[in-house]
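Report on the structure
Here is how the chains run, residue by residue.
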Amino acid sequence: MKLKQDISIGPNLKKYRELAGLTQEAVAARLQVQGIDILREIISQMERGKCNVRISALLAMSELYGVPIQSFFTNLDQAQ
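Residues numbered from 1 in each chain as written. Predicted model: local features only at pLDDT ≥ 70, side-chain atom pairs only at ≥ 80, totals over all residues. Heavy atoms only, no water.

Turning our eyes to something else, we now look at helix 3 (residues 40-47). Within helix 3, burial applies to Ile 43, Ser 44, Met 46 and Glu 47. Projected down its long axis, helix 3 shows its buried positions confined to an angular sector of 160°, all on one face. Next to the buried residues of helix 3 lie helix 1 (10-19), helix 2 (24-33) and helix 4 (55-65). Immediately beyond the C-terminal end of helix 3, within one or two residues, lies Gly 49, with a positive phi of roughly 75°. (Buried < 20%, exposed > 50% of the residue type's maximum accessible area, 1.4 Å probe, protein only. Helix = DSSP H or I, 4+ residues; strand = E, 2+ residues; numbered from the N terminus. Arc of directions from axis to C-beta. Contact = heavy atoms within 4.5 Å.)

In this section: the confidence of the model for the protein chain. Looking at the protein chain, the pLDDT average stands at 89 and 88% of residues meet or exceed 70. Averaged over each element, pLDDT in the protein chain is lowest for helix 5 (residues 76-79) (59) and highest for helix 2 (97). (pLDDT = per-residue confidence, 0-100.)

Moving on, we come to the environment of Ile 36. Along the chain, the position of Ile 36 falls in the loop between helix 2 and helix 3. Through-space distance from the C-alpha of Ile 36 to that of Arg 54 is 9.9 Å; in sequence the pair is 18 residues apart. With residues up to four places along the chain from it excluded, the contact list for Ile 36 reads Leu 31, Arg 54, Ser 56, Ala 57 and Ala 60.

Let us look at the side chain of Gln 24. For Gln 24, the location among the structural elements is in helix 2. What makes Gln 24 buried here is its relative accessible area of 14%. At a separation of 2.9 Å, a polar atom in the side chain of Gln 24 contacts the side chain of Glu 47. Discounting chain neighbours no more than four positions away, the residues touching Gln 24 are Arg 17, Arg 40, Ile 43, Ser 44 and Glu 47. (Polar contact = N/O pair within 3.5 Å; in protein donor to acceptor, adjacent residues only side chain to side chain.)

The next thing to look at is the packing of aromatic side chains. Tallying each qualifying case throughout the model produces two aromatic pairs. Ring geometry for Tyr 16 and Phe 72: centres 6.0 Å apart, planes at 75°, overall edge-to-face. One end of the pair, Tyr 16, is in helix 1; the other, Phe 72, is in the loop between helix 4 and helix 5, and 56 residues separate them in sequence. Relative accessible area serves as the criterion here: at 0%, Phe 72 is assigned to the buried category. (Phe/Tyr/Trp six-rings, centres within 6.5 Å; stacked < 30°, edge-to-face > 60°.)

And the structure:
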């Protein structure tokens with residue numbers, strides 16, 4: 001079985017951000033307060049699968065969006 005390379009969790013990041021009612025700007029601002037130095041442009045790139053996501057950012061977004069971190073990794077084939 002061959003594994004698909006470079007599967008993006010970006011669409012899930014965007015989905016849960018939107019479900020939380022947050023803009024990319026709001027997420028960046030809240031992460032900055034937590035000491036995670038991420039600009040809105042980086043949030044956008046992560047959601048488009050153009051940028052790797054740090055574990056610290058994933059953990060913070062999971063808490064911010066109120067979802068388990070596993071949520072970002074569900075239904076990846078359908079999210080593409």
